[in-house]
Amino acid sequence: MTPYDIDAEPFSPRMTRRKFLGLAGCACVAGVGAQYAALVAPSRIVVNSMVVPVPGLPHSLEGLRVGVMSDFHVGDFVSPEFVSDAVGIMNSLHPDMVVLPGDFFQDTPAQAEACADALSDLIANLGVFACPGNHDHHLDLRKSAVPLGRAGVDLLVNESRSVAYGAATMRLVGLDSATEGLADHYRALRSVPEDEMAFVLVHEPDYADFLAQTSGHMLPLQISGHSHGGQVRLPFLGAPILPLLAHRYPRGLRRVEGTERQVFTSTGIGVTVPVRVNCPPEVAVLTLHSTPAA
């Protein structure tokens, strides 16, 4: 069990994320009428391509392209066909590797199987890697892991992988869900020397703060999901409500205060309720770029 104090995160019990998003969806439908499809509909996938500067990145990893998709939530509001559309977009971008930071389905084994089937078409020379999200624990995690394994997705649960890239190798660390109290980076990093660079895959982005406080390893980049970007983003206000452990790094690339570490948070593919405002689902590709270490 992780010592991470998830209860320390401010989160109002008076208005849950699901309730707020449902109310926001109703308000938007009532207020914008015919504009709803263009403004709110969660079916317009965008491509987010960015160069990520990584201090001290080995030159052998220069230009490595990492595809990111998260939070599929196959279920009542997200079809496996929609996930297949996202997979097609990702394949057209030709990433070297793809990472999937959790939440593959809503509730049932059939949804887990359907999502895995859609993801089985992903193409990446270095492989497809994932970590669990909190929704993936709605079932026994083995019932999530088995279909993903059949689909060619390597699910990392508090463990690391060495991935060959030409003559070089990179280390990828995948953690279990922090929301569920199961993230254990001590175990995952046990076999990783502190002076070896590693990249972290964990569903909840705000785990980065705890990681920075408790680990001396070289962990320049964390890739996460969980937030959905808030699903609803308002002018000048941003996301009025975000889930537990997604307040500090709600979307995009942000630096962990006081460090050179960075967190990239995907806005995700799916939704928990069928509404998005100014926050479309995304397929992201991160191109790593070496910069001098401080």
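Preceding block: the structure.
Keep in mind that what you see is a predicted model, and the values were worked out from it rather than measured.

S.K.: Describe the overall build of the chain, with residues and values.
M.R.: Of regular secondary structure, the chain possesses 7 helices and 12 strands. Out of the 294 residues belonging to the chain, those deemed buried represent 56%. If you take every contact in the chain between residues at least 6 apart in sequence, the share linking residues at least 24 apart comes to 75%. Summed over its atoms, the accessible surface of the chain is roughly 12300 Å², and 56% of this surface lies on carbon and sulfur atoms.

S.K.: So what about the nonpolar core? Which residues, and what values?
M.R.: Among the nonpolar cores identified, the biggest contains 32 residues, and M69, F72, V83, L100, F104, L119 and L122 are the most heavily contacted of them. Looking at this core, the elements that each hand over two or more residues are helix 3 (80–93), strand 3 (97–100), helix 4 (109–119), strand 4 (128–130), strand 5 (153–155) and strand 12 (282–291). Sequence-distant contacts of V83, defined by excluding residues within four places in its chain, comprise F72, V74, V78, A118 and L119. Counting residues in hydrophobic clusters, the runner-up holds 27 residues, among them L61, L126, M197 and L286.

S.K.: Explain a nonpolar patch on the surface to me, and be specific about the residues and the numbers.
M.R.: On the surface, a cluster of nonpolar side chains totalling about 410 Å² of accessible area is made up of L234, F236 and L237. Tracing the sequence through the fold places L237 in the loop between strand 9 (221–224) and strand 10 (252–255).

S.K.: For the pattern of salt bridges, give the residues involved together with the corresponding values.
M.R.: Side chains that carry opposite charge are capable of pairing whenever their charged atoms lie near each other. According to the stated counting rule, one finds 7 salt bridges in the structure shown. Ionic pairing is found between R171 and E196, a salt bridge with its closest N-O pair at 3.2 Å. Here R171, found in strand 7 (residues 168–174), pairs with E196, found in the loop between helix 6 (185–188) and strand 8 (198–201); they are 25 residues apart in sequence, far enough to count as distant. Judged by relative accessible area, R171 falls into the buried class, the value being 12%. Judged by relative accessible area, E196 falls into the partly exposed class, the value being 23%. Two residues, R248 and E257, come together in a salt bridge whose shortest N-O distance is 3.7 Å. Under the relative-accessibility criterion, R248 is labelled partly exposed at 42%. Classification of E257 by relative accessible area gives exposed; the value is 66%. One connected set of salt bridges, linked through shared partners, spans D154, E159 and R161.

Thresholds applied
- The residue count restarts for each chain, going from 1 along the sequence in the order it is written.
- Owing to the predicted nature of the model, reporting of local features is limited to residues with pLDDT of at least 70; listing and counting of side-chain atom pairs is limited to 80 or more, with chain, interface and lining totals taken over all residues.
- Only hydrogens and water are set aside; all other atoms, that is, all heavy atoms of the structure, feed into the side-chain values.
- Strands here mean DSSP runs of E at least two residues long; helices mean DSSP runs of H or I at least four residues long; both are numbered from the N terminus.
- Residue burial is assigned from relative accessible area. The probe radius is 1.4 Å, only protein chains are included, and a residue is buried under 20% of its type maximum, exposed over 50%, and partly exposed in between.
- Contact criterion: two residues are considered in contact whenever any of their non-hydrogen atoms come within 4.5 Å of each other.
- Here the open area of atoms and residues is found with the Shrake-Rupley method and a 1.4 Å probe, where only the protein chains shown may cover a residue.
- For our purposes a nonpolar core is just a set of buried Ala, Val, Leu, Ile, Met, Phe, Trp, Tyr and Cys residues, chained together by side-chain atoms within 4.5 Å.
- Each patch groups residues whose relative accessible area exceeds 30% and which form no salt bridge, using 9 Å between like charges and 5 Å between nonpolar side chains of Val, Leu, Ile, Met, Phe, Trp and Tyr.
- By definition, a salt bridge exists where a carboxyl oxygen of Asp or Glu is found within 4 Å of a side-chain nitrogen of Lys or Arg.

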